[in-house]
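# Structural overview
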Protein chains: 2
Amino acid sequence: MTHQSRITQGRKFDQVRNGAAEIFLRDGFSGASVDDIARSARVSKATLYSYFPDKRLMFREVLRSTLDDAFKQLPFDPDQSGPASEALPIIMTGLAQWLMTEPRLHLHRVVIAEAARFPEDAQTYDRTMNDRIVAPLARLIEGWIALDEVRLHDAMTSARQMVAMLIGQLQHRALLDGADLAPDRADDTAAATASLFLAAYS
Amino acid sequence: MTHQSRITQGRKFDQVRNGAAEIFLRDGFSGASVDDIARSARVSKATLYSYFPDKRLMFREVLRSTLDDAFKQLPFDPDQSGPASEALPIIMTGLAQWLMTEPRLHLHRVVIAEAARFPEDAQTYDRTMNDRIVAPLARLIEGWIALDEVRLHDAMTSARQMVAMLIGQLQHRALLDGADLAPDRADDTAAATASLFLAAYS
DNA sequence: GTCTATATACGGATAGAC
DNA sequence: GTCTATCCGTATATAGAC
């Protein structure tokens, strides 16, 4: 096991996967054509099919690897220290920027769009977001509760609420409006989210 | 102008539009085939094309009319009276149930999925949700502020936050999880949303 | 291993009968 | 106005040369 155990072999595997990702994330599953993918990957169609048995598995691999990549950069520092009133706005700002940076925006759209056709992958996406974002945030809140910086309440619920607020206000609107993501608006939204929580619980 | 001025003429117009809606809302634009639509509408393809010049316009008419239908039932009573602490949970519960009832759930998915291909319709959707949900809610909040039931703050911001919380926690997860929408969970989420707001501002 | 060329089916759209 | 039958481009997938 000196190398990966996944089937990532073949000289052009990454080239193919990246080309497929570009097209699938832009056009969705049904909207993407294998010809476009081959062009984007600069490979022939026959080469594509030497790596993947069909279009569906190509798509699933794109979802899997894109989700994997999405967390290469951490949404926020899980060991954030300092009082809640200072740390929370920083955390929300980091999370907001994380949510608004590609490929997370396109991934979000495509997963929702194809959830009925690829229910397992949609659930994996949902579960991963919970495990990697909501749960760590809840643990931070519990820490503040233990230190009496924040009033006792259900931390998991408020973590979910804050994440939903950011996703709803930022990703949702960015996808609908297409308005080129003004980063300062993300910061404002993050600050308002932290304020609401702090007003309620501190 | 005794009748509609829109081009809703022809005996089978509704039949065609409803059949198209069923397939488009289920499969998205690219995933839907005109053959499926014809079958679902129980009409021949030639008949479809006698009502719509092409598939794209068929899709846009489905979005338009479905969005129209979505507001036939009001999301909540805009003249809700009574103190904020009683009225707000009722309003949030009504809104939560509204969001979780078809065809709103499928419409939400499809609009996001196709926002890049149909940007105007995505913006119309976004604007309509704001005008019909967020803005009325903000006006209610301003009423409570005027009566000193709620502390002074930016009502539009908190209205946006609450709506985003509901959409993010309910629609979002229902679409990803497919888990048959347990209505009592919608009620819990609505109650928690109202609680957060009231804890922060009353 | 990767390509060109092709098999085969299905897509959107239309002609013409009734 | 609505249908049956069909056009024709494009889709996914593969055979066979190199």
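Just so we're clear, the structure is a prediction, and the values are computed from it rather than from any experiment.

Rules of the game
Residues numbered from 1 in each chain as written. Chains lettered and ligands numbered in written order. Predicted model: local features only at pLDDT ≥ 70, side-chain atom pairs only at ≥ 80, totals over all residues. Heavy atoms only, no water. Core = buried A, V, L, I, M, F, W, Y, C linked by side-chain atoms within 4.5 Å. Buried < 20%, exposed > 50% of the residue type's maximum accessible area, 1.4 Å probe, protein only. Contact = heavy atoms within 4.5 Å. UniProt positions renumbered as here; feature names shortened; annotations may be inferred. Helix = DSSP H or I, 4+ residues; strand = E, 2+ residues; numbered from the N terminus. Near = heavy atom within 4 Å. Polar contact = N/O pair within 3.5 Å; in protein donor to acceptor, adjacent residues only side chain to side chain. Nonpolar A, V, L, I, M, F, W, Y, C, P; charged D, E, K, R; others polar. Phe/Tyr/Trp six-rings, centres within 6.5 Å; stacked < 30°, edge-to-face > 60°. Lys NZ or Arg CZ within 6 Å of the ring centre and 35° of its normal. Domains from an automatic or database assignment. Buried area = accessible area lost by both parts, 1.4 Å probe. Salt bridge = Lys/Arg side-chain N within 4 Å of Asp/Glu carboxyl O.

### Quick look at the nonpolar core
For soluble globular proteins, nonpolar side chains are generally found buried alongside one another. Core analysis: the biggest nonpolar cluster contains 144 residues, and M92 of chain A together with M92 of chain B have the highest contact counts within it. Look past the residues within four positions of M92 of chain A in its chain and what remains in contact with it is L137, M162, L166, A190, T193 and A194 of chain A.

### Describing the UniProt feature "domain: HTH tetR-type" (unreviewed entry) in chain A
UniProt's entry tags residues 10-70 of chain A with the feature "domain: HTH tetR-type" (unreviewed entry), counted in the numbering of this structure. The span residues 10-70 of chain A shows a helical share of 82% and a strand share of 0%, and its end C-alpha atoms are spaced 24 Å apart.

### A few points about the protein's contact with DNA strand D
With respect to spatial proximity, 16 residues lie near DNA strand D, and among them V34, K45 and Y49 of chain A together with A46 and T47 of chain B are the closest. Expressed as a percentage, the sugar and phosphate content of the atoms of DNA strand D within 4 Å of the protein is 57%. Measuring from a phosphate oxygen of DNA strand D, one finds a backbone N or O atom of S44 of chain B at 3.0 Å. At 3.0 Å, a side-chain N or O of Y51 of chain B approaches a phosphate oxygen of DNA strand D. Breaking the surface near DNA strand D down by element, the ones donating at least two residues are α2 (34-41) and α3 (45-51) of chain A together with α3 (45-51) of chain B. Of the residues assigned to the surface near DNA strand D, the class counts are seven nonpolar, three polar and six charged.

### Regarding the packing of aromatic side chains
Given two aromatic rings, their pairing is described by the distance between the two centres and the angle made by the two planes. Residue and element names in this part refer to chain A. Inspection of every chain in the model, using the stated rule, returns 18 aromatic pairs over all chains. Note on F13 and Y51: the rings are 6.0 Å apart at their centroids and 70° apart in plane angle, and the pair reads as edge-to-face. On the criterion of sequence distance, the pair formed by F13 in helix α1 (residues 13-31) and Y51 in helix α3 is long-range, its members being 38 residues apart. Accessibility expressed as a relative area gives 4% for F13, which makes it buried. Classification of Y51 as partly exposed rests on a relative accessible area of 22%. Between F29 and F118, the ring centres sit 5.2 Å apart and the planes meet at 70°, which makes this aromatic pair edge-to-face. Residue F29 is located in helix α1, and its partner F118 is located in the loop between α6 (104-113) and α7 (119-146); the two are separated by 89 residues in the primary sequence. For the pair shown, F29 and F118 are each scored as buried. An aromatic cluster is built from F24, F29, F59 and F118, whose rings are joined through pairwise contacts. The ring of F29 is capped by K55, whose NZ or CZ atom sits 4.6 Å from the centre of that ring.

### What to know about the domain arrangement of chain A
Residue and element names in this part refer to chain A. When its domains are assigned, chain A resolves into domain 1 (13-65) and domain 2 (71-201). Between the C-alpha centres of domain 1 and domain 2 there is a distance of 30 Å. A combined buried area of about 970 Å² lies between domain 1 and domain 2, and 66% of that area is made up of carbon and sulfur atoms. Three residues, L25, R60 and L63, lead the burial of domain 1 against domain 2; their summed loss comes to 56% of the area buried on that side. On the surface where domain 1 and domain 2 come into contact, there are two salt bridges. Between R60 and D121 there is a salt bridge, and its shortest N-O distance comes to 2.9 Å.

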